[in-house]
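# Structural features, examined
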Amino acid sequence: MAETLKKRSEVEEKLKWDTSLIFKTKEDMLAELDRMKRLSADIEKEYKGQLSDKDKINACLDKYNEFLIGVDRVSNYTSLNLSVDYTDAEMNKLDGFVTGEYMKELARLSFIDSELAELPENVLKEAIESATIGKNYLKDVLRFKPHMLNAESEKVMASLGEVFSAPYQMYEQTKLADIKFPDFEVNGKKYPLGYSLFEDDYEYEEDTEVRRAAFKAFSDKLGEYKYTTAGQYGAKVRSEKLVSELRHFDSVFDHLLFGQKVTREMYDRQIDLIMDKLAPHMRKFARLIKKAHNLDKMTYADLKLPLDPEYNPKVTIEKSKEYILDGLSIMGPEYQEMLKRAYDERWIDFAQNIGKSTGGFCASPYRRGSFILLSWNERMSDVFTLAHELGHAGHFYSCQQNQSYFDNECSQYVVEAPSTINELIMAEYLKEQNKDDKRFRRWVLASQISNTYYHNFVTHLLEAAYQREVYKRVDKGEAVPCETLCEIFRGVLEKFWGDEVELTDGCELTWMRQPHYYMGLYSYSYSASLTVATQVMKRIRREGAPAVEDWKKTLAAGGSVDPVEFAKMAGVDVTTDAALLDTIDYIGSIIDEIEILM
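In this text the structure is predicted, and so the values were computed from the model without any measurement.

## Here's the deal with the sheet that holds strand β5 (residues 371-373)
What the 3 strands build is an open sheet, ordered β3-β5-β4; its pairing is mixed. One side of each edge strand has no neighbouring strand; the edge strands of this open sheet are β3 (348-349) and β4 (361-363). In terms of strand pairing, β4 meets β5 through 3 bridges, oriented antiparallel. Directly across from Ala363, in β5, lies its bridge partner Phe371. Across the sheet, helix α2 (residues 54-83) lies against β4 and β5, angled at about 155° from β4, the strand it touches most.

In structure tokens form, the structure reads like this:
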């Protein structure tokens, strides 16, 4: 049975990450914030109105790069400490203060982009030719030139950054601090309930009565906040539409995909092909789950069940270190050293506590290591989750060593490739370790589907299909009240699962559970990234070391290349349907083998 969550103060230190790796104390962080404010004032004094030649431009960008690194570290320090306990009033206050302060400085320096965009193209091109660290930044300014506003308007837009991010902050507060889940009862026995308890425990609960009762209790409580959450989300999408119009984009899609350097064709292909071609394979997998558990019917509340409930190895944190170091050894000694540091220097927050953000993520403040959030449940699936987040850590560790801050982040379209490929490599490693054990092989294959591919090609893809329908309405100027959001999400589920899965009441509220909708067009990119990862993994299996070396060079490139070039460096062509169709076939082949092994 799931246990009642502890307060953050009751959690052992060894289970918490160590944000002193960014700043030793809060006072050190505030001192850095003050330094950034002084640097911002200096940049404004020295360069405002002076960006007229290549030397001034590049000298300014050198200092701007330094400023952005400081802001990155300061903002990560407060947001990470808040993410592990949204009930911490002092940290909420500190994060709000710090965010407000650095937003003012970003607004102050908005003149940089405005002045650069007003320069003749030949001046910008001269600056690009002579640039040391700002080459791609300047290329992006040139590309964005048609969408820039005048200097005063850009300053206003930058000043509103905190306002534009407010819906997400309110969503997280509602979700993690305001919603209090009551216990639920099954056959006279009471069970505790919470966000992470439901998503990390009850969705996988083998007792059907308990699992379905947990889903109902969880959904009933979510439903009490559906209008508030719809209001928060509605404010977010309306603000995105407003900005797209102010910047003269033809649609909100064009606006949101512009920064990703992705075409609408690439975006739509990912959603349409998976909804059409993958659905039959996943319906088959749902039938296998129903058969394995001898269920009376397959409901939405049953989809996360493990295929072999009696074979779910428990894994300690220490044992996970052995698995990950061995499984990812193919990536080489430098990557191995990064993995060791992640454990030894406490980059990872394993804890389960009240107020902690759900799911998992990896944040990598520039050249300050990485910070990985997850809730450890001693399942082998946690090893895959950790390998995934360490993939992000390895990616940013590599590109931060090789790129300036400007080129530190790559497009969302491929950002999940370095993480998902780690899951695939771990699965191949585990298969190799137990070649003759058919049950173990079936378990690994099932884990690939239920964890790696389900999470990225189903959960997030269905979010993306839902999100696309929302933005279509927003583009037409239509309202998206709670009832519309629920109707859209249920419709997406009906289309994907058909008659194979009974859509339990409450399934339509699933849109309330993910923060990705507050991050632009992010959800679809999980499947795009995993498409690249699958193709690279297959190439590594075929070619070995040469493919690994190409992949490591790709990781080091970071944001210095666009998504198409990123994939091409790794040997994958994402400009056609071929890679995605091959990946869908690969998923289908895994499910076919599972059926044979059953």
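Alright, that's what it looks like, and here's the rest.
## Overview of the nonpolar core
Of all hydrophobic cores here, the largest spans 151 residues; its most connected members are Met282, Leu386, Tyr466, Trp497 and Trp511. Per element, the largest residue contribution to this core is 18 residues, and it comes from helix α19 (residues 438-475). If we skip the residues at most four places from it in the chain, Met282 touches Ile449, Tyr454, Val458, Phe496, Trp497 and Ile591. With 49 residues, the next largest nonpolar core counts Leu51, Phe67, Val98 and Phe111 among its residues.

## Some points on the packing of aromatic side chains
Enumeration over the complete set of coordinates arrives at 37 aromatic pairs. Summarising the aromatic geometry, the rings of Tyr195 and Phe218 are spaced 5.2 Å apart at their centres and angled 90° between planes, so their arrangement reads as edge-to-face. You can see Tyr195 sitting in helix α9 (residues 195-200) and its partner Phe218 sitting in helix α10 (residues 208-223), a full 23 residues away along the chain. Of the two residues examined, Tyr195 and Phe218, each falls in the buried class. Ring geometry for Phe350 and Trp376: centres 5.6 Å apart, planes at 90°, overall edge-to-face. Of this pair, Phe350 sits in the loop between β3 and β4 while Trp376 sits in the loop between β5 and α16 (380-402), and the two are 26 residues apart along the sequence. What makes Phe350 buried here is its relative accessible area of 7%. Pairwise contacts between aromatic rings join Tyr168, Tyr171, Tyr233, Tyr466, Phe489, Tyr517 and Tyr518 into one cluster. The side chain of Lys175 reaches across the aromatic face of Tyr195, ending 4.9 Å from its centre. Positioned above the aromatic ring of Phe253 is the side chain of Arg264, whose terminal nitrogen or guanidinium carbon lies 3.9 Å from the ring centre.

## Thoughts on the pattern of salt bridges
Using the criterion set out here, one finds 55 salt bridges in the structure. Of the charged contacts in the structure, one is a salt bridge between Asp550 and Arg539, with a shortest N-O distance of 2.7 Å. Of this pair, Asp550 sits in helix α22 (residues 545-557) while Arg539 sits in helix α21 (residues 525-543), placing them 11 residues apart in sequence. Assessed through its relative accessible area of 12%, Arg539 is described here as buried. Through salt bridges with shared partners, a single network forms among Glu428, Lys431, Glu432, Lys435 and Arg541.

## With respect to a negative patch on the surface
A surface patch of like charges, here negative, comprises Glu206, Asp207, Glu209 and Glu310. Checked against the element boundaries, Glu310 lands in the loop between α13 (264-293) and α14 (317-327). Looking at Glu310, the relative accessible area reads 71%, which means it is exposed.

## Let's talk about α16
For α16, spanning 23 residues, the distance from its first C-alpha to its last is 33 Å, which sits close to the expected 33 Å at 1.5 Å a residue. Across the 23 residues of α16, 19 count as buried, placing the element largely inside the fold.

## Here's the deal with the side chain of Asn353
Here Asn353 shows up in the loop between β3 and β4. Here the side chain of Asn353 touches Arg8 through a polar contact of 2.9 Å, side chain to side chain. Contact partners of Asn353, with chain neighbours within four places excluded, come to Leu5, Lys6, Lys7, Arg8, Val11 and Val84.

## Some points on the side chain of Lys356
Structurally, Lys356 can be placed in the loop between β3 and β4. Of note is the side chain of Lys356, whose polar atom sits 2.5 Å from the backbone oxygen of Ala351. Leave out the neighbours within four places in its chain, and Lys356 touches Ser83, Val84, Asp85, Leu176, Asp349, Phe350, Ala351, Leu373, Leu374 and Ser375.

## Re the packing of α16 against α19
The description of two helices packed together rests on the angle between their axes and the distance between the axes. Two numbers describe how α16 lies on α19: the axes approach to 11 Å, and their chain directions differ by 55°. By the angle class used here, α16 and α19 are oblique. The handedness of the crossing between α16 and α19 comes out as right-handed. Note on element contacts: α19 touches α16 through Trp443, Ser447 and Asn451, opposite Met380, Ser381 and Phe384.

Criteria and thresholds
- Residues numbered from 1 in each chain as written.
- Predicted model: local features only at pLDDT ≥ 70, side-chain atom pairs only at ≥ 80, totals over all residues.
- Heavy atoms only, no water.
- Pairing = 2+ DSSP bridges.
- Helix = DSSP H or I, 4+ residues; strand = E, 2+ residues; numbered from the N terminus.
- Contact = heavy atoms within 4.5 Å.
- Axes fitted to C-alpha atoms, helices over the stretch in contact; angles between N-to-C directions.
- Core = buried A, V, L, I, M, F, W, Y, C linked by side-chain atoms within 4.5 Å.
- Buried < 20%, exposed > 50% of the residue type's maximum accessible area, 1.4 Å probe, protein only.
- Phe/Tyr/Trp six-rings, centres within 6.5 Å; stacked < 30°, edge-to-face > 60°.
- Lys NZ or Arg CZ within 6 Å of the ring centre and 35° of its normal.
- Salt bridge = Lys/Arg side-chain N within 4 Å of Asp/Glu carboxyl O.
- Patch = residues over 30% accessible without salt bridge, like charges linked within 9 Å, V, L, I, M, F, W, Y side chains within 5 Å.
- Areas by Shrake-Rupley, 256 points an atom, 1.4 Å probe, with all protein chains shown as cover.
- Lys, Arg positive; Asp, Glu negative; His and termini not counted.
- Charge placed at Lys NZ, Arg CZ, Asp CG, Glu CD.
- Expected span 1.5 Å × (residues − 1).
- Polar contact = N/O pair within 3.5 Å; in protein donor to acceptor, adjacent residues only side chain to side chain.
- Parallel < 35°, antiparallel > 145°, perpendicular 65-115°, else oblique.
- Left-handed = near helix turned anticlockwise from the far one by under 90°.

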